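Summary of structural features
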Amino acid sequence: MKIYRVTDPEFKAYGRVIATDSSEIIAEAAKLEMPAEGASYEPSIPALEATSAMAFYTDEIYGEMPIQIGCCWGHNNVMNALEWHRDSEINIAVTDFVLILARLEDLDADGRLDSAKCKMFQVKAGETVEVYATSLHFCPCTTEAAGFNCIVVLPKGTNVALDKKPADPLLFRKNKWIICHESAEGLVSRGVVPGIYGENWVIE
């Protein structure tokens, strides 16, 4: 599968590039220690929320709605799953990485997804992108041996544990709907619906 850039026209259906100086928050996120293996995710990191980016994203991007700034970082090179929210997600690239994306309209009538409908987009260090609420996404994929680091901005409370059992089996955390690939046994065992078929994309 071709890997596009987020600056290519193909990205317009999935999100947009935000022109802003993210050097302060990137420098702070770069202090996070890389896990030895796998990827880590923290929805809210006080050191990141203490930067000037907090006011910018609260006021200018989320229209004065409460937000959280966290990070996803480590090692990953496989799609495995795709999730979506009711709001856009901001990704700030501390390092280069690749996003594997699909759209809600790509889902079959039964709510399943043919992975052939996914597209891959490279985000380069220093770039900031808005991934629209209609875009399915998941853990970024590594493009270098040292790992990846992606700052994640979302409405406050997103991705934390639910207070009660939902009627919708795809609702996995607060403001987080997710389906996983049929081969992702670890996620299936945690209760994620195996709704993706076809190739489980791997970034070499």
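Right above here is the structure, for reference.
Owing to the predicted nature of the structure, the values given are computational and were not obtained by experimental measurement.

On to the overall build of the protein chain, then. Summing up its helical and strand segments, the protein chain has four helices and 16 strands in all. Burial status across the protein chain gives 48% buried among its 204 residues. Carbon and sulfur atoms form 51% of the exposed surface of the protein chain, whose accessible area is close to 9,600 Å². Distance between charge centroids for the protein chain: 4 Å, based on 18 positive and 30 negative side chains.

Below, the discussion takes up the side chain of Thr142. Along the chain, Thr142 turns up in strand E12 (residues 141–142). Once residues within four sequence positions are removed from consideration, Thr142 is found in contact with Gly74, His75, Asn76, Gly147, Phe148 and Ile203.

Take the pattern of salt bridges next. When the charged atoms of two side chains with opposite charge come close together, those side chains can pair. Using the criterion set out here, one finds nine salt bridges in the structure. Note that Glu127 and Arg5 form a salt bridge whose closest N and O atoms lie 2.7 Å from each other. Taken as a pair, Glu127 in the loop between strand E9 (119–123) and strand E10 (128–131) and Arg5 in strand E1 (residues 3–5) lie far apart in primary sequence, 122 residues in all. Given the relative accessible area of 17%, Glu127 is considered buried. Put simply, Lys31 and Glu28 hold a salt bridge, and the shortest N to O gap is 3.3 Å. Here the salt bridges do not stand alone but share partners, grouping Arg103, Glu105 and Asp106 into one network.

Once that is clear, we can look at empty space enclosed by the protein. Following the criterion strictly, the structure yields one cavity of 30 Å³ or more and no others. In this structure, the largest cavity spans a volume of roughly 40 Å³. The wall of the largest cavity is formed by Met79, Ala81, Leu82, Val98, Leu99, Ile100, His137, Phe138, Cys139 and Pro140. If you list the elements that add at least two residues to the lining of the largest cavity, you get strand E5 (81–84) and strand E7 (97–103). When residues of the lining of the largest cavity are assigned to their parent elements, the largest contribution, three residues, is made by E7.

Taken together, the six strands give an open sheet; going across it, the order is E2-E10-E6-E13-E4-E3, and neighbouring strands pair in antiparallel fashion. A strand with exactly one partner marks an edge of an open sheet, and here the two such strands are strand E2 (15–17) and strand E3 (39–42). Sheet twist, expressed as the mean angle between neighbouring strand axes with direction ignored, is 20 degrees. Of the strand pairs in this sheet, strand E4 (residues 67–74) and strand E13 (residues 148–155) are connected by eight bridges, and their pairing is antiparallel.

Calculation notes
- Along each chain, the written sequence defines residue order, and numbers are assigned to residues from 1.
- Thresholds applied to this predicted model are a pLDDT of at least 70 for local features of residues and 80 or more for the giving and counting of side-chain atom pairs; totals over whole chains, interfaces and linings are not thresholded and use all residues.
- Excluding hydrogens and water, the side-chain figures rest on all heavy atoms present in the structure.
- Strands are runs of DSSP state E lasting at least 2 residues, helices are runs of H or I lasting at least 4, and numbering of each runs from the N terminus.
- Only protein chains enter the accessibility calculation, which uses a 1.4 Å probe; a residue whose area is less than 20% of its type maximum is buried, one above 50% is exposed, and one in between is partly exposed.
- Here the Shrake-Rupley method, with its probe set to 1.4 Å, supplies the accessible areas, and only the displayed protein chains count as covering residues.
- Only four residue types enter the tally: Lys and Arg on the positive side, Asp and Glu on the negative side; His and the chain ends are excluded.
- One atom stands in for each charge, and that atom is NZ of Lys, CZ of Arg, CG of Asp or CD of Glu.
- A contact between two residues is defined here by any heavy atoms of the two lying within 4.5 Å.
- For this analysis, a salt bridge means a side-chain nitrogen from Lys or Arg found within 4 Å of a carboxyl oxygen belonging to Asp or Glu.
- Grid points spaced at 1 Å over the protein atoms alone were grouped into cavities, where a 1.4 Å probe fits but cannot get out, and pockets, open sets with protein on both sides within 12 Å along at least five of seven lines, with lining residues defined by an atom within 4 Å of a point.
- Grid points are joined across faces, edges and corners, and a volume is the space filled by probe spheres set on the points.
- Each pair of strands is called paired provided DSSP finds at least two bridges between the two strands.
- Geometry is summarised by axes, namely lines fitted to C-alpha atoms with helices restricted to the contacting stretch, and by angles between N-to-C directions that run from 0 to 180 degrees.

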